[in-house]
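Secondary and tertiary structure notes
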4 protein chains.
Amino acid sequence: MRKICIVIGSRANYSSIKSVMTAIKKHKKLKLQLVLTASSILDRYGKVSDTITNDGFSIDEYIHTIVEGETLLTMAKSTGLGLIELSSSFDRLKPDIVLTVGDRFETMATTLAAAYMNIPLAHTMGGEVSGTIDESIRHAITKFSNIHFPASKDAEDRIIKLGENKNSVFFVGCPRIDLISEIIKNTSKIDHNEIFKKGVGNEFNIEKPFLLVSQHPVTTEYGNGEIQIQTTLESINEVGLPALVLWPNADAGSSDISRGIRKWREKRSSKNMYFVKNLPINLYILLMQKTSCLVGNSSSGIREGCFIGTPTVNIGTRQNKRERGKNVIDTIYDQKEIVDAINYQIKNGKYISEKIYGSGDAGKKIADILANFKNLNTQKTINY
Amino acid sequence: MRKICIVIGSRANYSSIKSVMTAIKKHKKLKLQLVLTASSILDRYGKVSDTITNDGFSIDEYIHTIVEGETLLTMAKSTGLGLIELSSSFDRLKPDIVLTVGDRFETMATTLAAAYMNIPLAHTMGGEVSGTIDESIRHAITKFSNIHFPASKDAEDRIIKLGENKNSVFFVGCPRIDLISEIIKNTSKIDHNEIFKKGVGNEFNIEKPFLLVSQHPVTTEYGNGEIQIQTTLESINEVGLPALVLWPNADAGSSDISRGIRKWREKRSSKNMYFVKNLPINLYILLMQKTSCLVGNSSSGIREGCFIGTPTVNIGTRQNKRERGKNVIDTIYDQKEIVDAINYQIKNGKYISEKIYGSGDAGKKIADILANFKNLNTQKTINY
Amino acid sequence: MRKICIVIGSRANYSSIKSVMTAIKKHKKLKLQLVLTASSILDRYGKVSDTITNDGFSIDEYIHTIVEGETLLTMAKSTGLGLIELSSSFDRLKPDIVLTVGDRFETMATTLAAAYMNIPLAHTMGGEVSGTIDESIRHAITKFSNIHFPASKDAEDRIIKLGENKNSVFFVGCPRIDLISEIIKNTSKIDHNEIFKKGVGNEFNIEKPFLLVSQHPVTTEYGNGEIQIQTTLESINEVGLPALVLWPNADAGSSDISRGIRKWREKRSSKNMYFVKNLPINLYILLMQKTSCLVGNSSSGIREGCFIGTPTVNIGTRQNKRERGKNVIDTIYDQKEIVDAINYQIKNGKYISEKIYGSGDAGKKIADILANFKNLNTQKTINY
Amino acid sequence: MRKICIVIGSRANYSSIKSVMTAIKKHKKLKLQLVLTASSILDRYGKVSDTITNDGFSIDEYIHTIVEGETLLTMAKSTGLGLIELSSSFDRLKPDIVLTVGDRFETMATTLAAAYMNIPLAHTMGGEVSGTIDESIRHAITKFSNIHFPASKDAEDRIIKLGENKNSVFFVGCPRIDLISEIIKNTSKIDHNEIFKKGVGNEFNIEKPFLLVSQHPVTTEYGNGEIQIQTTLESINEVGLPALVLWPNADAGSSDISRGIRKWREKRSSKNMYFVKNLPINLYILLMQKTSCLVGNSSSGIREGCFIGTPTVNIGTRQNKRERGKNVIDTIYDQKEIVDAINYQIKNGKYISEKIYGSGDAGKKIADILANFKNLNTQKTINY
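The sections below set out a description of the structure shown in this document. Here the structure is a predicted model, which means the values were calculated and not measured. (Residues numbered from 1 in each chain as written. Chains lettered and ligands numbered in written order. Predicted model: local features only at pLDDT ≥ 70, side-chain atom pairs only at ≥ 80, totals over all residues. Heavy atoms only, no water.)

This part takes up the interface of chain D and chain B. Taken together, the contact pairs 15 residues of chain D with 15 residues of chain B. The closest approach of N and O atoms between Glu85(D) and Lys77(B), which form a salt bridge, is 2.5 Å. Counting across the interface, chain D meets chain B through 10 residue pairs in polar contact (both at pLDDT 80 or more). The element that contributes the greatest number of residues to the side of chain D that touches chain B is helix H3 (residues 72-93) of chain D, accounting for 5 residues. Residue composition of the side of chain D that touches chain B, grouped by class: 6 nonpolar, 4 polar and 5 charged. (Contact = heavy atoms within 4.5 Å. Salt bridge = Lys/Arg side-chain N within 4 Å of Asp/Glu carboxyl O. Polar contact = N/O pair within 3.5 Å; in protein donor to acceptor, adjacent residues only side chain to side chain. Helix = DSSP H or I, 4+ residues; strand = E, 2+ residues; numbered from the N terminus. Nonpolar A, V, L, I, M, F, W, Y, C, P; charged D, E, K, R; others polar.)

As structure tokens, this is what we get:
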């Protein structure tokens, strides 16, 4: 049995890989190894490790890596600390393949630990473009990876252009879409109380039109987060619909955005807004189905949004050039532009589903390829 | 004045960047910052930090990063430890640009520290191909770098194919060639005693024909070093010329090669061989001028070799596909093949100099570009 | 000039050493070096580094060490990370003496870095007894220290009993008392708005009788914090006076106490309570002067309390056996006992000032001793 | 079954605890957990981990901690790195008791990891006095330990004087003596070839009179090692007997001593000397039985020496005040004093065995106490 080791570093990571984990666990030729690290094991970020255990997976190792500060400096340090301990983990677990997910800063620790130790590395969601440091991380991981699982056709092409061997690149779609498709099938109603139980602000009726706001820091624009979120909140306010606003996730610059939200709330009544942390993925997806418009710079508007058909206003550079469907309108941080775009989307209503990021079977495909991939030699060579 | 921070991790690193350091130091618009790390500050590897100080450079910080073991595992850990402390260094020194050299494992620490902290990153010797983990490291660094200084035309093309912006790629030649050209100009005679003062084995007359052997571990073939070096030594023995053999540098797998040498010496008389560690670069270059043939897998046979015209037998995958001149014959680890190739080279004699890796002015060019490069925005975007 | 390097790891640390810093800065024979680390540089804990800069001190180095989690495990890891970087700091700053403050977990990093590097170590507040891991840390630091500055006579005796050389032990009083005496002299009125600007809960009139509550986790009773704080809050509620409750500081187990507070607030109206983080020391001291009773397990009730005369109810083992004045009544975590003790203290009113922990001139004394201490040999030898 | 976790950091550590390991392994109520770290897993120091496996013990975790450099700085850093990973080990292994051995720098990492995580800590060889940083480390560990196993009566008294609870202090003798007594019983002849197979220098007949030299760096006299060893070698030379000289173990300052040996060998013919690294403990003990005099500053001359009766000349401060038998003469680093002392010991011949450090049953006693010790509460309190 091939041992496949997956390293999960955040709540978002888990949503991006859960269907693969399920498929590996069921696969006759594969054995799943799980290492949890970074914010995935921290109370402050909702400790997704508990959810993972509840979902029936067993966790092999817990590695604390986050150096406090949420600055660019501590982002680097946390990656270093991760590298020190993840290499020991791999030395104990002796996986046949390490599977790394996406492009968050901590995935570089997984990547270097595996690559330096001659453990074949597989990578999901490579080849995509975006803004922030993630862009560079993603392509660097591609250059260390032995098996690639791009989520879109476009990304597949880009990985090959980066000089990777065609035989190692498999367009399988995005495992997040697997999860979303599952959630949409199985759940029909949102429980009002579940959404409004942990946040602050004013509750509203989610059966009536509302906005969903999710805005994260851009590491390469470090220091601008405060004004960026305030522009967004001001725009939301002008549009006038009630809004569910998510706090930013734990990255360098999060505190700028959090401060921006707090300051704005002090000045403004924001009587139509409710602020929450860490919505469970199933609730979030159901909200994406219902919302009149998703506003901010989350990749979900683009990736999950095109599948669900969520009207989306994407602000700024964070999703720069990422492949997108008709459901997305891009704007800069300009209140008038943002307000106009939101109003357009409210009027337009839901879009038709597009399958750019796959159709919901990525997990199974990935597991099968991992089970049968022949050439596990780790020496890479560029194709030109 | 722009502050340019160079991180040096080994003796080889220093040779690869010395001419750039000199040019930066002299440049009116630039200020040089130096951080020494990894094996460059360790007694066991000849402590090149002392040489650097003697050469008139002042060192800003010393960062100990090498976790003992010389295994793949400790290579990963050392990089993690480097990342933890180099990020603090950059936070104190606040460089305008970090310049990273080549592709050794520890350069990933420099790279991630700078890139994560939004400090523009410049990179020498990118775009080349080779074997070992260096191949992946080199291209990953390219994906994080904002300014590229390829050493060959071929490498320049490859960097652009990797999706980098043409305006950020400058073919300047290799700074090592600057140094070699300098050494060749200034020195004419080798002092026998300087070569034979620190090693073990039997001295010989370097004015008569001799072989030079330099063979390093290949991380991606970890565990094979012992048999690889023994095949080489057996071949040298069969050829029959006296040989100067260099111990491997400090990498994962070095101890395999060292053990191979020691075991071979116990079995065999090796009366024609002398074994040394850490020759100063000027001695090494003069030996490359004199030797009948350079044997092993060092990049020097290919890079410096084509400029000097050193007959070279390159064994195995370590320099796989690296652009080379006429002076190189490639072989696998097969005694007959190696012996034949060496004998061919002995007969052929010295080759005509080729300028594949530049003509000796890379340092000045790099300093000028660093002083005047306009677009220091760190947000990268792939060109396709 | 002797270079005295002080490492500050928390807001509390600063209050405990500020008068010494001022005295060193003014001293002709001394030069102050400051390294800030642990929670002292983190936004989440009020970033005392900003206060320190505003107070006119210049900071030499900032070292991020806190590994997120606030568990026993991350407490150990943070200390390890601190040791890795503080040793580099000392290597750069080359202090003649390192001065470490008190007994928090991170002070072990300062201690080992200095002691292992043969830098003479001075220690304030050694020789005291208490509960929690601090008890062991404090005595272990004594065993590494070359100069001791106990804050009480009792502590001085204990240090000598621990086998330390009498000539290296100086009873100087507690530098916190210096600060308190200063604050009391210079400030007369509390600004209501400053206290009630950042917290949650219901404001009350601080000119009328109120309780002050400060309760922290006990590492050696890890996991019990939730029920401990709830017992305290229930008792406060029964007594019926309005109360200002401080959130716990950043230690292993803080989240237990925070959870305890949050849960209790959900169940109970707590209409008389206001909850705040990080009061500036001057406000806190003024509140200690005014409060009808200080309740919890903070050392301030014992140390500052005896000087100010604050009626104090000290609960549980955290201050176990620490030398105390008449102002303290000790109880276990029992509601009836706590309520009775608080009511007794309310009735009793303020106590007469006791000088157990010195009379306000510790800072100057310490600076003078550091300037003139002769025997800076670091080899220690036990006195029996 | 109680899980007892032993952390071994060096070859010497293993000799000091092997009999305890054997006794724990056999004990019905105990389960042995082994973590190997520091130099115990490094090729360069003879990788005692292989010996341990060959002896039939299974190793639970390998933790690489040694940061290269062998300086005071890297000694501190290595301890920090150890603390980071050992805490994770304990988190995985969940021992009921951690047992730490002696006083080497890396034992502080074991100590802090256990103590901070509320795992009861047992300690062997506490309460002794000596020079070097070990003196402080040893007593600091005592202040963190919950169960004490002093090796001598004197040490037992000292631990109690340090304020430890009498019920937690057990004079059991030294487990090294167990091993020595075993070796002496089971082996009668030394194989000449085994001793002279790996070193350099001139072999001699060990059946005739010879000296044994073992001299290590003193961290608190860092920088003096070169001249110290040269004084010793010069004295040995003057005495004129052949000598077996051991290279120093891996500590801050080892390279000073190694350099001293190398330089001395270059100047002097030393035709009577043979230099070896890492003698297996059984060979070493047999040599201690045979030698005319053991010279240097190794604790073995004092501890094992009094049991065996080895004439010993102990030079300098390293064993300062350690309890010793009649077999030891102390000198300073003065050639005349050393020569006189050696000549006196040669004339005197072997001493009668003294049982200061126990009589060979420490291992069994320790295992029994660990199995039955009742009070595993980790909160300590000083006894005065």
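In screw terms, the move from chain A to chain B is a rotation of 180° and a rise of 0.0 Å along the axis, fitting with an RMSD of 0.0 Å. Both copies are brought into coincidence by an operation consistent with a two-fold rotation axis. (Least-squares fit on C-alpha atoms with pLDDT ≥ 70 in both.)

All names here are of chain A. Counted residue by residue, strand E2 (residues 30-37) has 7 buried out of 8 residues, so it is predominantly covered. Alignment of strand E1 (residues 2-8) against E2, held across 7 bridges, turns out to be parallel. Directly across from Lys 3, in E2, lies its bridge partner Lys 31. Viewed along the sheet, the connection from E1 through helix H1 (residues 11-26) into E2 turns out right-handed. Note that the unit made of E2, helix H2 (residues 48-54) and strand E3 (residues 61-63) has a crossover that is right-handed. (Buried < 20%, exposed > 50% of the residue type's maximum accessible area, 1.4 Å probe, protein only. Pairing = 2+ DSSP bridges. Right-handed = clockwise from strand over helix to strand, strands pointing away.)

Where helix H3 (residues 72-93) of chain A meets helix H4 (residues 107-116) of chain B, the closest approach of the two axes is 8 Å, and the angle between their N-to-C directions is 150°. For the element pair H3(A) / H4(B), the angle class is roughly antiparallel. When you trace H3(A) past H4(B), the crossing you get is right-handed. Residue-level contacts link Leu72(A), Met75(A), Ala76(A) and Thr79(A) of H3(A) to Leu112(B), Ala113(B) and Tyr116(B) of H4(B). Taken together, the residues of the contact of H3(A) with H4(B) break down into 6 nonpolar, 1 polar and no charged. (Axes fitted to C-alpha atoms, helices over the stretch in contact; angles between N-to-C directions. Parallel < 35°, antiparallel > 145°, perpendicular 65-115°, else oblique. Left-handed = near helix turned anticlockwise from the far one by under 90°.)

Right, let's get into the pairing of strand E8 (residues 211-214) of chain C. Residue and element names in this part refer to chain C. Where burial is concerned, the two faces of E8 agree: the one with Leu 211 and Val 213 and the one with Leu 212 and Ser 214 are both buried. Relative to strand E9 (residues 243-246), E8 runs parallel, the two sharing 4 bridges. Of the residues in E9, the one forming a bridge with Ser 214 is Leu 246. Sheet topology places E8 next to strand E11 (residues 293-296); 4 bridges connect them, and they run parallel. Bridge pairing in E11 places Leu 211 opposite Cys 293.

Quick look at the packing of aromatic side chains now. Residues and elements named next belong to chain A. According to the stated counting rule, one finds 25 aromatic pairs over all chains in the structure shown. In textbook terms, an aromatic cluster arises when at least three aromatic residues are bridged by ring pairs, as seen for Phe 196, Phe 204, Phe 210 and Tyr 274. The aromatic ring of Tyr 357 is capped on one face by Arg 303, whose charged end is 4.9 Å from the ring centroid. (Phe/Tyr/Trp six-rings, centres within 6.5 Å; stacked < 30°, edge-to-face > 60°. Lys NZ or Arg CZ within 6 Å of the ring centre and 35° of its normal.)

Turning our eyes to something else, we now look at the interface of chain A and chain B. Between chain A and chain B, the contact holds 47 residues from the first and 47 residues from the second. Summed over both sides, the interface between chain A and chain B buries roughly 4000 Å², with carbon and sulfur atoms accounting for 64% of that surface. The largest share of the area that chain A buries against chain B comes from Tyr116(A), Gln379(A) and Tyr384(A), three residues that together contribute 18% of it. Linking chain A with chain B are 0 salt bridges, by the criterion used here. Inspection of the region where chain A meets chain B yields 25 residue pairs in polar contact (both at pLDDT 80 or more). The set of elements that each furnish at least two residues to the side of chain A that touches chain B consists of H3, helix H4 (107-116), helix H5 (134-144) and helix H6 (153-161) of chain A. Across the side of chain A that touches chain B, the residue classes tally to 23 nonpolar, 15 polar and 9 charged. (Buried area = accessible area lost by both parts, 1.4 Å probe.)

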